[in-house]
Amino acid sequence: MEHLVNAADGMKRAAAILRSGGLVAVPTETVYGLAADATNADAVAGIYAAKGRPSFNPLIIHVDSVAMAQRYGRFDGRAHRLAEHFWPGPLTLVVPLTENHGLAPAVTAGLNSVAIRQPSGPMAALATAMDHPLAAPSANSSGRVSPTMAQHVAADLGTKVDLILDNGPCPVGLESTIISLVADTAILLREGGLDRSFAAGIVGPLINPKPDAHVAAPGMLSAHYAPRIPLLKDFAKPMPEGMVFLGFGETMREPGLNLSPSGDVKEAAHNLFAMLQELDRSGARSIGVAAIPHHGLGAAINDRLQRAAHGSKE
């Protein structure tokens, strides 16, 4: 039976696999997620095994509505306002767990909070079919470049996934922004596909986590999103032999790819992971990256590049 199928044609099969405790790679507006039944401990353990993911790194659960979200997390006024404005979309909210939530313990990695997102498209439709959430980190080996196309998943995880739903390139191309609402002050745990200024306009200023903060949500590890070859951020030196370049705007060198010839950070965010995947598999020895401005989604791009540089080979 075919392993990679068109998303529209594969939904019934995907739901059956999820109900039986299997793993399905599912497209979202951000990246492709590796989905499992969030209430099935064995299925969730399968996510960690397939990715080689540290067990202390919690997972995001994906829901089809605020009503479903409230079965698992306690929403205050801030959470309701953010969900009303930005769901479905690239925003994850970390909120206190409800009692008797029924989630597999590994989903929250032992924390008394849970990360919740309402995506659009097939992931939400599958949550509706299951009538409970799907746990779904990015569908890639732990610490590596996130997949924005079904082919990226197939090349990385292969048959570790029972089924891959292909819905073409992800429109946002960066993981969700993560905001913790566990404390009185909202904390930005991860820059992502929603500009932090939009969220701040709803709930007020967002503070950054302390440098020694425990891992409260995905994407907080210092080494993450990394290619297999060394990546050098803000690279402005002469290019050594074997290097390829990831450019931005007018800053471009050959050989390489340009995230956005027009200097548009939204276009660059959409292209980031797909171009890193291509350069990582090009046979090059290293990747040099142009400086990216920090405004808007540029902050999230620089966050990913910093973690990728830290996690790539020395």
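It should be noted that the structure appears before, not after, this text.
On a predicted model such as this, the values are computed, not experimentally measured, just so you know.

**Details of the packing of helix 1 (residues 7-19) against helix 6 (residues 122-130)**
At their nearest, the axes of helix 1 and helix 6 sit 10 Å apart, and the two run at 45° to each other. Comparing their axes, helix 6 and helix 1 come out oblique. The element helix 1 and its partner helix 6 pack so that their crossing is right-handed. Within the contact between the two elements, helix 1 uses Ala7, Met11, Ala14, Ala15, Leu18 and Arg19 and helix 6 uses Pro122, Ala125, Leu126, Ala129 and Met130.

**What to know about the sheet that holds strand 1 (residues 4-6)**
The strand order across the open sheet built from 10 strands is 1-8-2-3-7-4-6-5-9-10, with neighbouring strands paired in mixed fashion. Pairing within the sheet leaves two strands with one partner each, and these edge strands are strand 1 and strand 10 (187-190). Pairing of strand 3 (residues 33-37) with strand 7 (residues 134-135), which is carried by 2 bridges, proceeds in the antiparallel orientation. By the bridge assignment, Ala36 is partnered in strand 7 with Ala135.

**Digging into helix 10 (residues 298-311)**
The end-to-end C-alpha separation of helix 10 is 20 Å, in line with the 20 Å expected for 14 residues at 1.5 Å each. The element helix 10 is extensively covered by neighbouring structure, given that 10 of its 14 residues are classed as buried. Taken residue by residue, helix 10 has Gly298, Ala299, Ala300, Ile301, Asn302, Asp303, Arg304, Leu305, Arg307 and Ala308 as its buried positions. Tucked into the core, helix 10 has its buried residues touching strand 10, strand 11 (231-232), helix 9 (265-280) and strand 14 (286-289).

**Some details on the sheet that holds strand 14**
Strand order in the open sheet formed by 4 strands is 11-14-12-13, with parallel pairing between adjacent strands. The open sheet has two edge strands with one neighbour each: strand 11 and strand 13 (256-258). One ladder, built from 4 bridges, connects strand 12 (residues 243-247) with strand 14; its direction is parallel. Opposite Met243, over in strand 14, you have Ser286 as the bridge partner. Seen against the sheet, helix 9 touches strand 11, strand 12, strand 13 and strand 14 and runs at an angle of roughly 170° to strand 12.

**Some thoughts on the environment of Leu103**
Within the element layout of this structure, Leu103 appears in the loop between strand 5 (91-96) and helix 5 (105-108). Once the C-alpha coordinates of Leu103 and Pro133 are considered, the two residues, 30 residues apart in sequence, prove to be 8.7 Å apart. With residues up to four places along the chain from it excluded, the contact list for Leu103 reads Ala38, Thr39, Ile61, Tyr72, Leu97 and Val114.

**Structural notes on the pairing of strand 3**
Burial runs high along strand 3: 5 of the 5 residues are buried. The sheet contact formed by strand 2 (residues 24-26) and strand 3 spans 3 bridges and is antiparallel. From the neighbouring strand, Ala25 faces strand 3, where its bridge partner is Leu34. Counting the residues between successive antiparallel strands, the hairpin from strand 2 to strand 3 contains 6 residues.

**A closer look at helix 9**
Along its 16 residues, helix 9 runs 21 Å from first to last C-alpha, staying within 8% of the 22 Å computed at 1.5 Å per residue. Within helix 9 the residues assigned to the buried category are Val265, Ala268, Ala269, Asn271, Leu272, Phe273, Met275, Leu276, Gln277, Leu279 and Asp280. Buried residues in helix 9 make contact with helix 7 (150-156), strand 11, strand 12, strand 13, strand 14 and helix 10. Structurally, the start of helix 9 carries an N-cap: the backbone nitrogen of Lys266 is 2.9 Å from a side-chain oxygen of Asp264.

Cut-offs and rules
Residues numbered from 1 in each chain as written. Predicted model: local features only at pLDDT ≥ 70, side-chain atom pairs only at ≥ 80, totals over all residues. Heavy atoms only, no water. Axes fitted to C-alpha atoms, helices over the stretch in contact; angles between N-to-C directions. Helix = DSSP H or I, 4+ residues; strand = E, 2+ residues; numbered from the N terminus. Parallel < 35°, antiparallel > 145°, perpendicular 65-115°, else oblique. Left-handed = near helix turned anticlockwise from the far one by under 90°. Contact = heavy atoms within 4.5 Å. Pairing = 2+ DSSP bridges. Expected span 1.5 Å × (residues − 1). Buried < 20%, exposed > 50% of the residue type's maximum accessible area, 1.4 Å probe, protein only. Polar contact = N/O pair within 3.5 Å; in protein donor to acceptor, adjacent residues only side chain to side chain.

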